Amino acid sequence: MKQTKKLVLSAFFMALGIVLPFLTGQIQQIGSMLLPMHIPVLLCGFICGWPYGLVVGLLTPLLRSFMFGMPPIMPTAVAMAVELAVYGLVTGILYSKLPKKIPYIYVSLLGAMIAGRVAWGIVSIALYGFMGNRFSMAIFLSGAFLNAIPGIILQIILIPAIIIALRKARVLNDYEDTEKNSQHH
């Protein structure tokens, strides 16, 4: 994929990450639990690669915080910026290195989701400590997993489906590479 196309797609994913929370915020009970900024960042890592996923992940929550005041910059947006940067980085790296078979889409996604949540926890410990607050294991488990269950389920269903659809539509170059390799074997 050409660099210009990756830049345009990255800008699209960043814009989507800024706008999606407005849409999911309309769903009172679970709007924020759907983790709307996570989806475009994870897709960016898969589609554009780790450098783009990392930058989009890093900038999206910070830009949204500066533009709309949500999420609050400290500690939420800063911790999210690290979490999402790790999502974009890890999906991009794992997806590029692993075989282009469907189970590895899930491996890349789950690896990124775990790594991002761990990074969020580590940064949150530091930020909350710096602010004079305690960040406990209960807060970590609640924020990283329990309150995130609807978003985690949505990501596990939606992201692989989108990547598989893009591959079948021959939008992603790796699909063509996989097809060529399987024909030669």
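As shown above, the structure is provided for reference.
Residues numbered from 1 in each chain as written. Predicted model: local features only at pLDDT ≥ 70, side-chain atom pairs only at ≥ 80, totals over all residues. Heavy atoms only, no water.

Draft legend 1. Quick peek at the overall build of the chain. Across its full length, the chain carries eight helices and zero strands. Its C-alpha atoms give the chain a radius of gyration of 17 Å, near enough to 16 Å, the size a compact globule of 185 residues would have. Referenced to the eigenvectors of the C-alpha coordinate spread, the extents of the chain come out at roughly 60 × 30 × 30 Å. In the chain, which comprises 185 residues, the proportion classed as buried is 43%. (Helix = DSSP H or I, 4+ residues; strand = E, 2+ residues; numbered from the N terminus. Rg over C-alpha atoms; globule rule 2.2 N^0.38 Å. Buried < 20%, exposed > 50% of the residue type's maximum accessible area, 1.4 Å probe, protein only.)

Draft legend 2. Geometry of a nonpolar patch on the surface. On the surface, a nonpolar cluster with roughly 760 Å² of combined accessible area is contributed by Val-19, Phe-22, Leu-23, Val-55, Leu-58, Leu-59, Leu-63, Met-67 and Phe-68. Counting only elements with at least two residues in the nonpolar patch, the list comes to α1 (3-24) and α3 (50-68). When residues in the nonpolar patch are grouped by element, the largest group, six residues, is from α3. By the secondary structure assignment, Leu-63 is in helix α3. On the basis of relative accessibility, which here comes to 32%, the residue Leu-63 falls in the partly exposed class. (Patch = residues over 30% accessible without salt bridge, like charges linked within 9 Å, V, L, I, M, F, W, Y side chains within 5 Å. Areas by Shrake-Rupley, 256 points an atom, 1.4 Å probe, with all protein chains shown as cover. Salt bridge = Lys/Arg side-chain N within 4 Å of Asp/Glu carboxyl O.)

Draft legend 3. Representation of the environment of Tyr-52. Summarising the element assignment, Tyr-52 is placed in helix α3. Separated by 45 residues in the primary sequence, Tyr-52 and Leu-7 have C-alpha atoms spaced 7.7 Å apart. For Tyr-52, the residues in contact, after removing those within four places along its chain, are Gln-3, Lys-6, Leu-7, Ser-10 and Cys-44. (Contact = heavy atoms within 4.5 Å.)

Draft legend 4. Looking closely at unusual backbone geometry. Between Met-70 and Pro-71 the backbone carries a cis peptide bond, its omega angle lying at -5 degrees. Mapped onto the elements, Pro-71 comes out in the loop between α3 and α4 (73-97). The linkage connecting Met-74 with the following residue, Pro-75, adopts the cis geometry, with an omega of -5 degrees. Within the fold, Pro-75 resides in helix α4. A positive phi is found at Leu-35, a non-glycine position, where the angle reads about 50 degrees. In this structure Leu-35 comes out as buried when scored by relative accessible area, which is 11%. Although it is not a glycine, Arg-170 adopts a positive phi angle of roughly 60 degrees. When you line up the elements, Arg-170 lands in the loop between α7 (149-168) and α8 (173-184).

Draft legend 5. A look at the nonpolar core. Ranked by internal contacts, the top residues of the largest apolar core, which has 32 residues, are Phe-13, Leu-43, Phe-46, Ile-47, Ile-159 and Ile-163. Those elements giving two or more residues to this core turn out to be α1, α2 (38-48), α3, α4, α5 (102-130) and α7. Among the elements that make up this core, the one with the highest residue count is α2 (eight residues). Beyond its immediate sequence surroundings of up to four residues, Ile-163 is in contact with Leu-43, Phe-46, Ile-47, Tyr-95, Ile-105 and Leu-172. Of all hydrophobic cores here, the second largest spans seven residues; its members include Ala-79, Trp-120, Leu-127 and Ala-144. (Core = buried A, V, L, I, M, F, W, Y, C linked by side-chain atoms within 4.5 Å.)

Draft legend 6. How the structure looks around the side chain of Thr-91. By secondary structure assignment, the location of Thr-91 is in helix α4. Residue Thr-91 is classed as buried on the basis of its relative accessible area, which comes to 0%. Beyond its immediate sequence surroundings of up to four residues, Thr-91 is in contact with Leu-42, Gly-45, Phe-46, Ser-108, Leu-109 and Ala-112.

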